[in-house]
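Observations on the model geometry
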Amino acid sequence: MLCVRGLQRLKAIFYLPRNTSHRSLTSAEVLPKDDALLKVENLSRESKKGCMLCNVTVDFKNIQLLSQFVSPHTGRIYGRHITGLCGKKQKEISKAIKKAHSLGFMPVTHKYPEFMKDPRICSIKHLD
Amino acid sequence: MPRYELALILKAMQRPETAAAVRRTVETLMERGAVVRNLENMGERLLPYKITKHNERHSRGTYFLVDFYCAPSILDGLLNHLHRDVDVVRPTVLKKEEQEPKSSGCGPSQ
């Protein structure tokens, strides 16, 4: 059973070069390849942006900044897929929040009410 | 000497008593051979959660930050002393990292 499927995949690979040989006959279809190369260059330029905290030092004393990465309902720290931070900064924020919790600077199960009106950085929709 | 930071939370008291407590703490530090570099008052605030210390439930406190240089051997005795102090709600000594302004770009380095 598996051998049959493997053979089918091999056949698919062998059939592809035949199709490209058909395309190379016309000159009009060679141009799109150059556009594809240019698009690849642009992608590498976009990824140099870095996350939003690129040049910001993260400190446990700055609880207003830390509170922006915490849920207002439960006080839980948001994950990387929600904050959109890079690995280094996400770890720094997480460590600073836990430090602030244990030092008695930041509340654990909620957020200070004065920080509730801050602009929402994290891409999470709240049912308000 | 390594550099430390004392995040001190004192009981919510009147101004002269708070001043006396801070003076006491700094004098203790200096007696043990520490060099106090900076003292910051972050004001009196509502604590993030109620803290029970010395048989008392605290809801408000005054936050102080003491920057100092000292030998690592005195820290144990210092923390012991601070925990015994009735006016201190939560003493924490942290190591201060030497932050050099190197390239802090967290994007792909090239």
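Residues numbered from 1 in each chain as written. Chains lettered and ligands numbered in written order. Predicted model: local features only at pLDDT ≥ 70, side-chain atom pairs only at ≥ 80, totals over all residues. Heavy atoms only, no water.

Along chain B, the regular secondary structure elements total 2 helices and 4 strands. For chain B, the sequential pattern of α-helices and β-strands runs β-α-β-β-α-β. Buried residues in chain B amount to 41% of all 110 residues. For chain B, contacts bridging at least 24 residues in sequence account for 72% of all contacts bridging at least 6. (Helix = DSSP H or I, 4+ residues; strand = E, 2+ residues; numbered from the N terminus. Buried < 20%, exposed > 50% of the residue type's maximum accessible area, 1.4 Å probe, protein only. Contact = heavy atoms within 4.5 Å.)

Another aspect to go through is the sheet that holds strand E2 (residues 35-53) of chain B. All names here are of chain B. The antiparallel open sheet is built from 4 strands, whose spatial order is E2-E3-E1-E4. Either end of the sheet is taken by a strand with one partner, and the two such strands are E2 and strand E4 (88-95). On average, each strand axis in the sheet is tilted by 20 degrees relative to the strand beside it, whichever way the strands run. Looking at chain direction, strand E1 (residues 3-11) and strand E3 (residues 56-69) are connected through 9 bridges and run antiparallel. Directly across from Ala7, in E3, lies its bridge partner Leu65. Helix H2 (residues 75-84) rests against E1, E2, E3 and E4 of the sheet, and its axis sits at about 160 degrees to E4. (Pairing = 2+ DSSP bridges. Axes fitted to C-alpha atoms, helices over the stretch in contact; angles between N-to-C directions.)

Another aspect to go through is a positive patch on the surface. Residue and element names in this part refer to chain A. A grouping of Arg80, Lys91, Lys95 and Lys98 is seen on the molecular surface, where their side chains present a positively charged patch. Looking at which element gives the most residues to the positive patch, the answer is helix H5 (residues 87-103), with 3 residues. The topology assignment puts Arg80 in helix H4 (residues 80-83). Residue Arg80 is classed as partly exposed on the basis of its relative accessible area of 47%. (Patch = residues over 30% accessible without salt bridge, like charges linked within 9 Å, V, L, I, M, F, W, Y side chains within 5 Å. Areas by Shrake-Rupley, 256 points an atom, 1.4 Å probe, with all protein chains shown as cover. Salt bridge = Lys/Arg side-chain N within 4 Å of Asp/Glu carboxyl O. Lys, Arg positive; Asp, Glu negative; His and termini not counted. Charge placed at Lys NZ, Arg CZ, Asp CG, Glu CD.)

Let us look at the confidence of the model for chain B. For chain B, per-residue confidence averages 89 on the pLDDT scale, and residues scoring 70 or more make up 89% of the total. Interface confidence for the predicted complex, expressed as ipTM, amounts to 0.87; the pTM equals 0.74. (pLDDT = per-residue confidence, 0-100.)

On a regular strand, one side chain projects to one face of the sheet and the next to the other, so that they alternate. Residue and element names in this part refer to chain B. Counting buried residues along E1, 9 of its 9 residues qualify, which places the element largely inside the surrounding structure. Direction of pairing for E1 relative to E4: antiparallel, over a ladder of 7 bridges. Across the sheet, residue Leu8 finds its bridge partner in E4, namely Pro91.

Here we take up the nonpolar core. Within the largest apolar cluster, 31 residues are counted, with the highest numbers of intra-cluster contacts made by A:Leu53, A:Ile63, A:Leu66, A:Phe69, A:Ile93, A:Phe105 and A:Met106. Taken together, the elements giving at least two residues each to this core come down to helix H3 (63-67) and H5 of chain A together with E1, E2, E3 and E4 of chain B. In terms of residue count, H5(A) provides more of this core than any other element does, 5 residues in total. Core analysis: the next-biggest nonpolar cluster, separate from the first, contains 20 residues, B:Leu6, B:Ala21, B:Val22 and B:Leu29 among them. (Core = buried A, V, L, I, M, F, W, Y, C linked by side-chain atoms within 4.5 Å.)

Before going further, it helps to spend a moment on the environment of A:Cys51. You can see A:Cys51 is positioned in the loop between helix H2 (31-46) and H3. With 35 residues separating them along the chain, A:Cys51 and A:Cys86 place their C-alpha atoms 5.7 Å apart.

On to the packing of aromatic side chains. Applying the stated criterion across every chain, the model contains 4 aromatic pairs over all chains. Judged by centre distance (5.7 Å) and plane angle (80 degrees), the rings of A:Phe60 and A:Phe105 are edge-to-face. Of this pair, A:Phe60 sits in the loop between H2 and H3 while A:Phe105 sits in the segment after H5, and the two are 45 residues apart along the sequence. Exposure class is identical for A:Phe60 and A:Phe105. Each is buried. With a centroid separation of 6.0 Å and 85 degrees between ring planes, the pair formed by A:Tyr112 and A:Phe115 is classed as edge-to-face. A:Tyr112 sits in the buried class, given a relative accessible area of 9%. Here A:Phe115 falls in the buried class, since its relative accessible area comes to 10%. In textbook terms, an aromatic cluster arises when at least three aromatic residues are bridged by ring pairs, as seen for A:Phe60, A:Phe105 and B:Tyr63. (Phe/Tyr/Trp six-rings, centres within 6.5 Å; stacked < 30°, edge-to-face > 60°.)

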